[in-house]
Amino acid sequence: MTDAALDEFWQRAMSAIKGRIIQPTMWRALEQLKPLLIEDDTLILGLSSGLAYHASHLTSSDRRNAVENVLSDMLGKRTSFRIIEGDTLEDWEQAKIRDAAAQSSNVAKRVARDRGRALEESWEDVSDEIYRVYSRIPLKQLPQNRAAFFKAALPLLNDARQKYMTGDNGKEETSQRAYARTIEKVATLSDLPPTWVALELQKLAERDR
């Protein structure tokens with residue numbers, strides 16, 4: 001669609017929208033918009049930065065539906081609209097670059113969130129296994145049996161450290177906190193200070209290097 005045809009289309013669309021919604025504030029907002037192009041069934045409308053407040057008059061669900069219904073009726077297919085800050089095609093290209101950057105950031109956050117959730121579940125499995133070991137210890141109140149539990153639990157905890165606390169996983173705050181909780185659990189069940197348990201694990205880590 002040429003620029004002239006797009007402008008003419010938008011003028012007709014505004015007339016149709018005004019016929020459906022009698023709201024002068026919305027009309028004034030429509031009149032400030034500049035049609036830039038139709039891309040992927042979306043009409044891109046530009047709005048000068050100093051007039052950005054007008055966009056709020058068009059983005060409520062009822063007004064958006066009214067505008068999109070008019071556009072869809074006129075074009076014969078479902079058509080949406082998007083308002084961007086700026087009134088040139090270059091502004092639209094910049095908006096797409098920002099969209100791509102935001103999408104990439106969102107994907108990275110989702111991947112990190114999924115990895116964190118998987119790490120938490122892995123540490124929960126370790127914690128469950130440690131508790132199963134503890135549950136098999138008789139006369140748990142006796143120091144020699146607590147020592148036996150600690151002797152059995154330490155290798156499990158060390159194996160988990162090797163598996164989940166190396167590389168990028170070891171830098172994750174989620175993994176660090178889950179590791180600390182598991183150390184504290186072993187310490188509590190063994191009646192030992194958590195820092196001492198962590199020190200024993202550090203000794204094993206140094207031995208494994």
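Anything mentioned here points back to the structure above.
Described in the following lines is the structure provided in the data block. (Residues numbered from 1 in each chain as written. Predicted model: local features only at pLDDT ≥ 70, side-chain atom pairs only at ≥ 80, totals over all residues. Heavy atoms only, no water.)

This brings us to helix H1 (residues 3-20). A rise of 1.5 Å per residue sets the reference length of H1, with its 18 residues, at 26 Å; its end C-alpha atoms lie 26 Å apart and thus fit the reference within 8%. Taken together, the buried positions of H1 are occupied by Leu6, Phe9, Trp10, Ala13, Met14 and Ile17. Mapping the buried residues of H1 onto a view down its axis gives an arc of 140°, with all of them on the same face. Residues of H1 that are exposed and angled more than 90 degrees away from the buried face: Ala4, Ser15 and Gly19. Check the buried side of H1 and you find it contacts helix H2 (24-32), strand S1 (34-39), strand S2 (42-47) and helix H3 (61-75). (Helix = DSSP H or I, 4+ residues; strand = E, 2+ residues; numbered from the N terminus. Expected span 1.5 Å × (residues − 1). Buried < 20%, exposed > 50% of the residue type's maximum accessible area, 1.4 Å probe, protein only. Arc of directions from axis to C-beta. Contact = heavy atoms within 4.5 Å.)

Right, let's get into H2. Residues of H2 that are buried include every one of Met26, Ala29 and Leu30, and no others. Looking straight down H2, one finds that the buried residues subtend no more than 100° of arc, so they occupy a single side. Those residues of H2 hidden inside the fold are in contact with H1 and H3.

Under the definition given, this model contains five aromatic pairs. Ring geometry for Tyr131 against Tyr134: centres 5.9 Å apart, planes inclined by 45°, an arrangement best described as tilted. Residue Tyr131 and its partner Tyr134 are both found in helix H4 (residues 89-135); the two are separated by three residues, about one turn of the helix. Looking at Tyr134, the relative accessible area reads 13%, which means it is buried. (Phe/Tyr/Trp six-rings, centres within 6.5 Å; stacked < 30°, edge-to-face > 60°.)

Let's shift gears to the environment of Glu68. Examined against the element boundaries, Glu68 turns out to sit in helix H3. Spatially, the C-alpha atom of Glu68 lies 9.9 Å from that of Ala13, the residues being 55 residues apart in sequence. Other than its neighbours up to four places away in sequence, Glu68 contacts Arg78, Thr79, Ser80 and Phe81. At 3.5 Å, the side chain of Glu68 forms a polar contact with the backbone nitrogen of Phe81. (Polar contact = N/O pair within 3.5 Å; in protein donor to acceptor, adjacent residues only side chain to side chain.)

Here we take up the side chain of Ser175. Of note, Ser175 is situated in helix H7 (residues 173-190). For Ser175, a relative accessible area of 0% puts it in the buried group.

On to the pattern of salt bridges. This model, assessed by the stated rule, comprises twelve salt bridges. One salt bridge in this structure joins Glu8 and Arg12, with 2.8 Å as the shortest N-O distance. With Glu8 and Arg12 both in helix H1 and four residues apart, the pair spans about one turn of that helix. Given a relative accessible area of 42%, Glu8 falls into the partly exposed group. Residue Arg132 pairs with Glu129 through a salt bridge whose shortest N-O separation is 2.7 Å. (Salt bridge = Lys/Arg side-chain N within 4 Å of Asp/Glu carboxyl O.)

Here we take up the nonpolar core. If you look at the biggest cluster of nonpolar residues, it comprises 24 residues, and the most contacted ones within it are Trp123, Phe149, Leu157, Val186 and Val197. When residues of this core are traced back to their parent elements, those giving at least two are H4, helix H5 (143-164), H7 and helix H8 (194-208). The element best represented in this core is H5, accounting for seven residues. If you look at the next biggest cluster of nonpolar residues, it comprises 21 residues, including Ile17, Ala29, Leu30 and Phe81. (Core = buried A, V, L, I, M, F, W, Y, C linked by side-chain atoms within 4.5 Å.)

Once that is clear, we can look at the pairing of S2. Of all six residues in S2, six are buried; the element is thus mostly enclosed. Side-chain alternation along S2 places Thr42, Ile44 and Gly46 on one buried face and Leu43, Leu45 and Leu47 on a second face that is also buried. Of the pairings in the sheet, the one linking S1 to S2 comprises five bridges and is antiparallel in character. Paired with Leu37 across the bridge in S2 is Ile44. Hairpin connection between S1 and S2: a loop of two residues separates the two successive antiparallel strands, and Asp40 in this loop has a positive phi of roughly 55°. Of the strand pairs in this sheet, S2 and strand S3 (residues 80-85) are connected by six bridges, and their pairing is parallel. Looking at the pairing, Thr42 lines up with Ser80 of S3. (Pairing = 2+ DSSP bridges.)

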